[in-house]
Amino acid sequence: MKVFVSWSGGKDSMLALFHVHNDLGKKVVSLLNMMSEDGTHSRTHGISTRLLKEQAEALSIPLLQQKTTWKTYRENFIKAVARLKEDGVEGGVFGDIDLQPHRDWVESVCRETGLQPFFPLWQQKRTAIMDAFIQAGFKSIVIATRAAKMNASWLGRDINERFLLDLAKEKDIDLCGEAGEYHTFVYAGPLFKKPVSFTAGEIFNRDDHWLLNLSASEDD
């Protein structure tokens, strides 16, 4: 079965891809990323369009990017899925862990579009998810935090055992950031033919989030 992966560029979508990559019954033919209306960055994580393209190239998987506002997100997601279906895609892979409203939304969209949804991380233990990601050899850094939960000092940190130990000491923060406490960018790992080169720039605050600006290295 041909499938796409709903793509943020972060650890959960990467781990979902990793699960499906080892599933002989599925073939990932596209990554689907929803972008800001001006096309400069991803709608959810704020990762630049260029970096996402270089990430997809390093993974050797085509990337479909769809511009949208939050208000028109559903209709534009369906529009992008329709394009994928023209290429024979029959299913979608999603990195949700246990937020039922998110799963309900996905299943509603899939019913409307005639796709079969897959949730390879669904209801797995947080520690198991994070351990699997790290032990597989993926490299990722924190690029955004919800200001009310995590301050700017977390930005730029590698996702590793030390990060997990420090995060576990904090109160009311999901280890996987499932409630949006933090977001990541994955730049290397077992599915990459080469690491994605980038430069970490300014830190700024927008919409009650601390953000780390990443840009593609000039020599790429």
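Structure's up top.
Cut-off values and rules
Residues numbered from 1 in each chain as written. Predicted model: local features only at pLDDT ≥ 70, side-chain atom pairs only at ≥ 80, totals over all residues. Heavy atoms only, no water. Helix = DSSP H or I, 4+ residues; strand = E, 2+ residues; numbered from the N terminus. Expected span 1.5 Å × (residues − 1). Buried < 20%, exposed > 50% of the residue type's maximum accessible area, 1.4 Å probe, protein only. Arc of directions from axis to C-beta. Contact = heavy atoms within 4.5 Å. Axes fitted to C-alpha atoms, helices over the stretch in contact; angles between N-to-C directions. Parallel < 35°, antiparallel > 145°, perpendicular 65-115°, else oblique. Nonpolar A, V, L, I, M, F, W, Y, C, P; charged D, E, K, R; others polar.

Enquirer: Honestly, helix H4 (residues 100–113) in this entry has me stumped. Any pointers?
Expert: Structural remark: α-helix, 3.6 residues per turn; residues separated by three or four positions point the same way. Taking 1.5 Å per residue as the helical rise, H4 with its 14 residues ought to reach 20 Å, and the 20 Å between its terminal C-alpha atoms agrees with that figure. When we look at burial in H4, the residues that qualify are Val106, Val109, Cys110 and Thr113. With its buried residues spanning 100° around the axis, H4 presents them on a single face. Residues of H4 that are exposed and angled more than 90 degrees away from the buried face: Pro101 and Arg111. Close packing links the buried residues of H4 with helix H3 (73–86) and strand E5 (116–118). Downstream of H4 by one or two residues, Gly114 has phi in the positive range, about 75°.

Enquirer: In this structure, what is going on with the packing of helix H1 (residues 11–21) against helix H5 (residues 126–136)? I would like to understand it.
Expert: Each pair of packed helices can be described by the angle between their axes along with the distance between the axes. Relative orientation of the contacting elements H1 and H5 amounts to 75°, with a least axis distance of 11 Å. Compared by their axis directions, H1 and H5 come out roughly perpendicular. Here H1 contributes Lys11, Met14, Leu15 and Phe18 to the contact with H5, which in turn contributes Ile129, Met130, Phe133 and Ala136. Partitioned by chemical class, the residues of the contact of H1 with H5 number seven nonpolar, no polar and one charged.

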